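Here's the letter readout for the chains.
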Amino acid sequence: MNAVVATSVFAVFMVAAVVLGLLALRGRGKGGGLAEWSVGGRSLGPVFIWVLMAGEGYTSFSYLGAAGWGYNYGAPVLYVVAYMSCGYAIGYVVGPMLWGYARRHGLVGITDMVAHRFGRPWLGAVVAVLATVFLLPYIQLQITGMGVVLSVISYGAVSLNWAYFVAFAVTTGFVVVSGLRGSAWVSVLKDVLVIATLGFLALYVPLHYFDGYGPLLDRLVTEKSDWLTLPGHGGGGSGSGSGGSGLGELWFISTTVLNSLTVVIFPTTVAGYLGARNADALRRNAMYLPAYNVLLFVPMLLGLAALFVVPGLAGAESNLALFKLVVDSLPAWAVGVIGVAAGLSSIVPMAVFMLVIGTMWGRSVLSLVPRLAERQKSAAQVVVVVAGGLALLLTYTAPNTLVRLSLISYEGMAQLLPMVLLALVWRRLTFRGAFSGLIVGVAVVCVLVFSGNDPLGGVNAGLVALAANLAVALAVTFAGPRDADPRPDAEVLADDPVGDEGEPLAPTRAARGASDHRV
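Sequence order sets the numbering: in each chain, residues are counted from 1 along the sequence as written. The predicted nature of this model means local features are confined to residues of pLDDT at least 70 and side-chain atom pairs, given and counted, to a pLDDT of 80 or more, with totals for whole chains, interfaces and linings taken over all residues. Side-chain measures here rest on the full set of heavy atoms in the structure, leaving out hydrogens and waters.

**Comments concerning the packing of helix 5 (residues 79-105) against helix 10 (residues 249-262)**
Then step 1. For the pair helix 5 and helix 10, interaxial distance at closest approach is 8 Å and the crossing angle is 35°. Crossing of helix 5 against helix 10: the hand is right-handed. Contacts between helix 5 and helix 10 pair Y79, A82, Y83, C86, G87 and I90 from the former with W251, F252, T255, T256, N259, S260 and L261 from the latter. Axes, fitted as lines to C-alpha atoms, cover a helix only where it is in contact. Angles between the N-to-C directions of the axes lie from 0 to 180 degrees. Starting at the N terminus, helices and strands are each numbered in turn, a helix being any DSSP run of H or I of at least four residues and a strand any DSSP run of E of at least two. Throughout, a crossing is termed right-handed when the near helix is turned clockwise from the far one, and left-handed when it is turned anticlockwise from it by less than a right angle. Any two residues having at least one pair of non-hydrogen atoms within 4.5 Å are treated as being in contact.

This is how it looks when you write it as structure tokens:
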């Protein structure tokens, strides 16, 4: 009976979320073209941009991975709050700049921007392929997260394999039809549920299991002190092998720096930027979003509380720490509601990840095929289904812990920083330099991660690779010839569009030329 009640509540809310996404398309004709589907027609206001980008930062990792890392290690999980807060500060400057650049040239993503900046349409396709490789683990993460949630709240009645498939099917169908605008609408429902459920759990769990925060914190200090300092429980080693977790001060600082820089050019973050109605919405968003990070302390604390309530969880089971507390003590209907909040925290970001992959391929890869050049939106929607299916296959064949997957994504995506961001503010950076650096950075991060040397000497492998990337890019740029690009700086570089808040302009002549070459 508990399984029936909880899964029924979950199913009703999932149907409501899909209906809400479809309602978002009212008055939009047949859904519009690629820009309407992928960036909401560049017309989302401050509220929708806020909830959409909050959804980017608050995923199934926040419910499961944050609690799991709190359970396994303790203090190192605070890197999430650190990098997201720093990233919002950087986004205050970068967000409006990217929005203005895309608006001025009629672009819809980072692949467009790279192709336009260097005047090479094929480069957009290369970046699309590379970004897809590093985004797929994040889709896998969300499928895993929602699958775990559905399986647990059904009290084991729904197997993990079926739960993974449900997560894939619901999200794929949702994003193909509704696009970014639908995701923004559903984010409102998700945020209401997230704030309500985490606020409730923050009060309920300490009172129910420990008679208040005082006894809980006292037990943590006296019995689990290793979890309250860096490098956390099991730390002490400089690497990631058996010598210790390697999650000390150097790892914390290097990961915070790397992720805060990377998050502002993450394709899904950029999709949120480009969906804004104006640059001021992004500036306000950057100021308000850090307040949302307060919620992240709740699953982290609950993961620590689970150490005393459900001891002995190991490996991927630690991701169940929060829901073990929920299922063991709350009525089935409440378990279902909390499961909905966690499930929507998977669907919204997963939908945006899949949408971004579809957009990159429809715009920059498949459009190079003459027959598909005029059908970019339909091509992108097909890619969404393929990408989701591939991520589902990886979930079945190559499962991993949630945080490990997110770190791999960020470390790889960080190697696009010089080509995407530095190139837009520094004209001197040449194509040869940026491309050479990208190759070296990706090679270094892959070698370090897959050889088990992440972190390297306590430093995040992604930051080590980015340093090598930048060194090569600068060396090749200064040693080689300048790019023969006759376009003026205003056509190539980005700036902060202060006072430039009108409707999107028609693409410039150079942008139309890039479109003619099927960027």
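**Focus on unusual backbone geometry**
Then step 1. The peptide bond linking L230 to P231 adopts the cis configuration, its omega dihedral lying at 10°.
Then step 2. Checked against the element boundaries, P231 lands in the loop between helix 9 (213-223) and helix 10.
Then step 3. The phi dihedral of Y155 falls on the positive side, at around 60°, and the residue is not glycine.
Then step 4. Along the polypeptide, Y155 turns up in the loop between helix 7 (121-153) and helix 8 (160-210).
Then step 5. Residues other than glycine seldom take positive phi values, yet D211 does so here, at roughly 65°.
Then step 6. Note on placement: D211 falls in the loop between helix 8 and helix 9.
Then step 7. Burial classes follow relative accessibility: with a 1.4 Å probe on protein chains only, a residue under 20% of its type's maximum area counts as buried, one over 50% as exposed, and anything between as partly exposed. What makes D211 exposed here is its relative accessible area of 68%.

**Considerations on the nonpolar core**
Then step 1. We call a set of buried residues a nonpolar core when its members are Ala, Val, Leu, Ile, Met, Phe, Trp, Tyr or Cys and they connect through side-chain atoms within 4.5 Å of each other. Core analysis: the largest hydrophobic core is formed by 145 residues, its most contacted members being Y63, I139, I143, L201, F323 and L416.
Then step 2. Counting residues per element, this core draws most heavily on helix 7, at 19 residues.
Then step 3. What I139 contacts, discounting residues up to four positions off in sequence, is M350, F353, M354, I357 and A391.

**So, the environment of G433**
Then step 1. Within the secondary structure, G433 is located in helix 19 (residues 431-450).
Then step 2. For G433, a relative accessible area of 0% corresponds to the buried category.
Then step 3. Taking the C-alpha atoms as reference, G433 lies 4.7 Å from V476; in sequence the two are 43 residues apart.
Then step 4. Sequence-distant contacts of G433, that is, excluding residues within four places in its chain, are made with A473, V476 and T477.

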